[in-house]
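Each chain is listed here by its residues.
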Amino acid sequence: MADFKTLDDMDLGGKVVVTRIDINVPVEDGKVTDTTRIDKVAPTILKILEKGGKPVLLAHFGRPKGQPNPDMSLRVTVPSLEAALGKAVTFVERPDRATIDAAPSDAVILVENTRFTAMEEANDPQMAGFLASLGDVYCNDAFSAAHRAHASTEGVAKLLPACAGLLMEAELKALDAALGNPNKPVLAVVGGAKVSSKIDLLKNLVSKVDALAIGGGMANTFLAARGYSVGKSLCEHDLTDTAKQIEANAKAAGCDILLPMDVVVAKDFAANAPHRTCGLDEVADDEMILDAGPQTVAILASALDVANTLVWNGPLGAFELTPFDKATVQAAQAAGTRCKSGALIAVAGGGDTVAALNHANVSQDFTHISTAGGAFLEWMEGKPLPGVEALKGQ
Ligand code: AMP
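My aim in this report is to walk through the structure given alongside it, one point at a time.

## Details of the overall build of the protein chain
Part 1: Scanning the protein chain from N- to C-terminus turns up 15 helices and 17 strands.
Part 2: Seen through its principal axes, the protein chain has C-alpha atoms that stretch 75 × 45 × 40 Å.
Part 3: Here the contacts in the protein chain between residues at least 6 apart in sequence split such that 73% fall between residues at least 24 apart.
Part 4: Accessible surface for the protein chain amounts to roughly 16,200 Å². Of this, 50% is attributable to carbon and sulfur atoms.
Part 5: Treating the 35 positive side-chain charges of the protein chain as one cloud and the 49 negative ones as another, the clouds have centres 2 Å apart.

## Regarding the nonpolar core
Part 1: Within the largest apolar cluster, 75 residues are counted, with the highest numbers of intra-cluster contacts made by Phe-143, Leu-205, Leu-212 and Trp-379.
Part 2: The residues that make up this core include at least three from each of domain 1 (7-166) and domain 2 (182-380).
Part 3: Other than its neighbours up to four places away in sequence, Leu-212 contacts Leu-187, Ala-188, Val-190, Leu-202, Leu-205, Val-206, Cys-255, Asp-256, Ile-257 and Leu-258.
Part 4: Among the nonpolar cores identified, the runner-up in size contains 27 residues, and Val-297, Trp-312, Ala-360 and Phe-366 belong to it.

## Thoughts on the sheet that holds strand E13 (residues 275-279)
Part 1: Reading across the sheet, the three strands line up as E13-E12-E14 and stay open at both edges, with antiparallel pairing between neighbours. Looking at the sheet topology across the chains shown, the edges are occupied by E13 and strand E14 (288-292). In this sheet, adjacent strand axes meet at a mean angle of 40° when their direction is disregarded.
Part 2: As paired elements, strand E12 (residues 262-266) and E13 share five bridges and run antiparallel to each other. Bridge pairing in E13 places Ala-266 opposite His-275.

## Let's talk about the state of the cysteines
Part 1: Counted by the stated rule, this structure contains zero disulfides.
Part 2: Distance from the sulfur of Cys-139, which forms no disulfide, to the nearest cysteine sulfur (Cys-163) is 4.2 Å.
Part 3: Overall, Cys-139 belongs to the buried group, its relative accessible area being 0%.

## Here we look at helix H5 (residues 125-133)
Each turn of an α-helix holds 3.6 residues, which means side chains three or four residues apart point in the same direction.
Part 1: Inspection of H5 places Met-127, Ala-128, Leu-131 and Ala-132 among the buried residues, and these make up the whole buried set. One side of H5 carries all its buried residues, which in axial view fall inside an arc of 140°. Exposed and oriented more than 90 degrees from the buried face of H5 are Pro-125 and Gln-126.
Part 2: Along its buried surface, H5 packs onto strand E1 (16-20), strand E4 (54-58), helix H4 (118-121) and helix H6 (151-155).
Part 3: Where H5 begins, the side chain of Asp-124 points an oxygen toward the backbone nitrogen of Gln-126, at a separation of 2.7 Å.

## Digging into the environment of Arg-276
Part 1: Counting through the fold element by element, Arg-276 comes out in strand E13.
Part 2: Arg-276 sits in the partly exposed class, given a relative accessible area of 34%.
Part 3: Linking Arg-276 and Ile-289, residues 13 residues apart in sequence, is a C-alpha distance of 9.8 Å.
Part 4: When sequence neighbours within four positions are dropped, the list of residues in contact with Arg-276 reads Val-263, Val-264, Val-265, Glu-282, Val-283, Ala-284 and Glu-287.
Part 5: For Arg-276, the side chain forms a polar contact with the side chain of Glu-287, separated by 2.8 Å.

Parameters and conventions
- Here the residue numbers are simple positions, counted from 1 along each chain's written sequence.
- Local features are withheld for residues below a pLDDT of 70 in this predicted model, meaning they are given only at 70 or higher, and side-chain atom pairs are given and counted only at 80 or more; totals for whole chains, interfaces and linings count all residues.
- With hydrogens and water stripped out, all remaining heavy atoms of the structure feed into the side-chain values.
- Numbering of helices and strands starts at the N terminus; helices are DSSP runs of H or I of at least 4 residues and strands are runs of E of at least 2.
- The contact rule is simple, with two residues in contact once any of their heavy atoms fall within 4.5 Å.
- Using a 1.4 Å probe, the Shrake-Rupley method yields the accessible areas, and only the shown protein chains count as cover for residues.
- His is not counted, nor are the chain ends; Lys and Arg add positive charge and Asp and Glu add negative charge.
- One atom stands in for each charge, and that atom is NZ of Lys, CZ of Arg, CG of Asp or CD of Glu.
- Think of a nonpolar core as a cluster: buried Ala, Val, Leu, Ile, Met, Phe, Trp, Tyr and Cys residues, connected wherever their side-chain atoms sit within 4.5 Å.
- Relative accessibility decides the category of a residue: with a 1.4 Å probe and only protein chains considered, values under 20% of the type maximum give buried, values over 50% give exposed, and everything between is partly exposed.
- Domain segmentation is taken from an automatic or database assignment of domains.
- A pair of strands is treated as paired once DSSP finds two or more bridges between them.
- An axis is simply a line fitted to the C-alpha atoms; with a helix, the fit covers only the stretch in contact. Between two such axes, the angle follows the N-to-C directions and lies from 0 to 180 degrees.
- In what follows, a disulfide is any cysteine sulfur pair within 2.5 Å.
- By arc we mean the arc of the directions from the helix axis to the C-beta atoms, nothing more.
- Whenever a nitrogen or oxygen atom comes within 3.5 Å of another N or O atom, the pair is scored as a polar contact, on the condition that within protein one atom can donate a hydrogen and the other can accept it, and that pairs from neighbouring residues in sequence are kept only if both atoms are in side chains.

Dropping the structure here:
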C-alpha cells in the first residue's frame, strides 16, 4: 500500500487545513444539476471540522485557461456545499492568511477557482508557496485531479505536512487492491471505442493481469489483426500491428487474451437498427459489429467465475443504443452478482464506464467505482500520479 498519511494521522486542532477537493460539477442556468461530487467530499470536510481544523477549500472549475471568468466562478457551488455540510460556507475571491485566521474556528472557507491564474496549471512555485501560506496542513481529497502536477495538487503538497482525505484514501485503497497487491487471478475487462486511446493501458495490463477481455469497438482492431473481416465496423486498421504486439506481449507475460467469439452486427449505427448475431467469419462488408454475442458473454461469465479480482474500463458494445447494450449489461450483472456474494473484488472507472455500469444497475454491487476519468486511466496505464506521489514519504 502506498506510503501516505491520512486524516487519522494528523493533529488538526486549531490548524488551518488547506484542502484540495474536486467539485467540478455540472451547472445549468446558474444551478448545480448533479451534486454527487459535492456530496462525496462532504465527509472529509466534516471530519476536518470534527478534528478541530478549519478547512480552506481549493478547487478548479471548468477550463478558464488561466483567466478570471465569472461564468466559471465556484460561487455557484456554495448553496450545494452548504446543503451537503449542513452549515454556512464563506466564499473568498482573494484569500489571505489574516482573513482566514479572523474567521470563526469552525468556519468553512471556499476559495475561488484555482485555475483563474495560469500559475496553477504551470505548477508555479510562487503560487504553491502562496497556497501553503494560507494554512498549516495540506489535505488532498481530489484523486480525479491527481494526474495533474498543478500548484494546488502537487506543488503545495510538498510545502506543508500533507495527507489524503477520505475519498482519496478510499480510492487508493481500492486501486491497490485491484492492481497493486491484488488477490489473484485478476481479470481485466477493457472496452470502448478505440485502441489508439488505450495503447498504454493495454500494454500495462497484459504485464499485470492473468486474463484480459477486450470488447467494444477496439476489439474489432484485434479481430482484424487476427485476419477477420470486420465489414464497416469501427476499426483502426493502421493499428493492427500494435494489436499483434499487445497479443505477443500478453503471451510472453502469461496473460490470456479473450476476444469476442461471436458478435452482433447491424447495417446502421442506430438504436433498434435491424441486427443479427453471427460468427466472426460471417460479418458482411456492409455490416458493423456493435456488440459482443451471447457465447462471448458466457465465456466472460466463466472467466469472472474463476477471477478473484476484476478491473473494468469501457463498454463491450455501443451500449447507448438498445439493444447493443446487452453484452455490457449482462457481463456487468454477472460481475455484480459475484461481487455481492463476496467472491470478487471489482473495481471500475474511466470515461463511459460509470454510465455503462449505472445503466446495468450494478454500481452499488461493485467494490469500487472511480468517478475519476483521466486519473483512473493513467493509473491503469501504470503511470505515477503526481498528486499521489507528492503525498508519499511525508
Ligand atoms: P471509450 O470512451 O473509449 O471508453 O468508448 C466508449 C464508447 O465506445 C461508447 O460511446 C460506445 O458506444 C463506443 N463503442 C463501444 N463499442 C462500439 C462498437 N462496437 N462500435 C462503435 N462504437 C462502440
